[in-house]
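# Fold and contact review
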Amino acid sequence: MTSQSQGIHQLLQAEKRAKDKLEEAKKRKAKRLRQAKEEAMAEIDQYRMQRDQEFRQKHAKIMGSQSNISEEIEAQTLEKIKELNGSYNKSMESVINQLLSIVCDVKPEIHTNYRIAN
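Since this is a predicted model, take the numbers as computed values, not measurements.

## Brief notes about the pattern of salt bridges
- All told, the structure shown has four salt bridges when counted by the stated rule.
- Asp 52 is paired through a salt bridge with Arg 56; the nearest N and O atoms lie 3.2 Å apart. In this pair, Asp 52 and Arg 56 are both assigned in helix H1 (residues 2-104), four residues apart and thus about one turn of the helix distant.
- A relative accessible area of 32% places Asp 52 in the partly exposed class.
- The salt bridge involving Lys 80 is made with Glu 83; its shortest N-O contact spans 3.9 Å. With Lys 80 and Glu 83 both in helix H1 and three residues apart, the pair spans about one turn of that helix.
- Judged by relative accessible area, which is 45%, Lys 80 ranks as partly exposed.
- Residue class for Glu 83 comes out partly exposed when judged on its relative accessible area of 47%.

Have a look at this one:
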């Protein structure tokens, strides 16, 4: 009987060791999964930061060129306004004199289609 109980005792100990090894393996696996997840998140964050930086550089390049274009357009517009104001000031008096002469110097004459009725 003692050999049977001793065999059973050994079998229980072996089962306990196997169970402990299984638990330890599960813990290592869970730990490795957490570590892999953390590494993946760090890699994703790094990739996201890199892409964000590239986007910002491209955005700054494009917006910088657009601001240069808008500044050029603004300068051209101001120059055109100055040119038009100069033309206005130069031609204003002669145009007003022409309008006044047309309006004030009326020459009465009979229209060519007018017929005198007898």
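## A word on a nonpolar patch on the surface
- On the surface, a cluster of nonpolar side chains totalling about 390 Å² of accessible area is made up of Tyr 88, Met 92, Ile 96 and Leu 100.
- Here Leu 100 shows up in helix H1.

Reading guide: rules and limits
- Residue positions are given per chain, counted from 1 along the sequence in the order it is written.
- Restriction of local features to residues with pLDDT of at least 70 applies here, the model being predicted, together with a cutoff of 80 or more for giving and counting side-chain atom pairs; totals for whole chains, interfaces and linings are based on all residues.
- Calculation of side-chain values draws on the structure's entire complement of heavy atoms; hydrogens and water are dropped beforehand.
- Think of a salt bridge as a Lys or Arg side-chain nitrogen and an Asp or Glu carboxyl oxygen that are within 4 Å of each other.
- By definition, any uninterrupted DSSP run of H or I lasting at least four residues is a helix, any uninterrupted run of E lasting at least two residues is a strand, and each is numbered from the N terminus.
- Relative accessible area decides the class of each residue, using a 1.4 Å probe on protein chains only: under 20% of the type maximum gives buried, over 50% gives exposed, and in between gives partly exposed.
- The residues that make up patches have over 30% relative accessible area and no salt bridge, and they are joined within 9 Å when like-charged or within 5 Å when they are Val, Leu, Ile, Met, Phe, Trp or Tyr.
- The Shrake-Rupley method, run with a 1.4 Å probe sphere, supplies the accessible areas, and residue values consider only the shown protein chains as cover.

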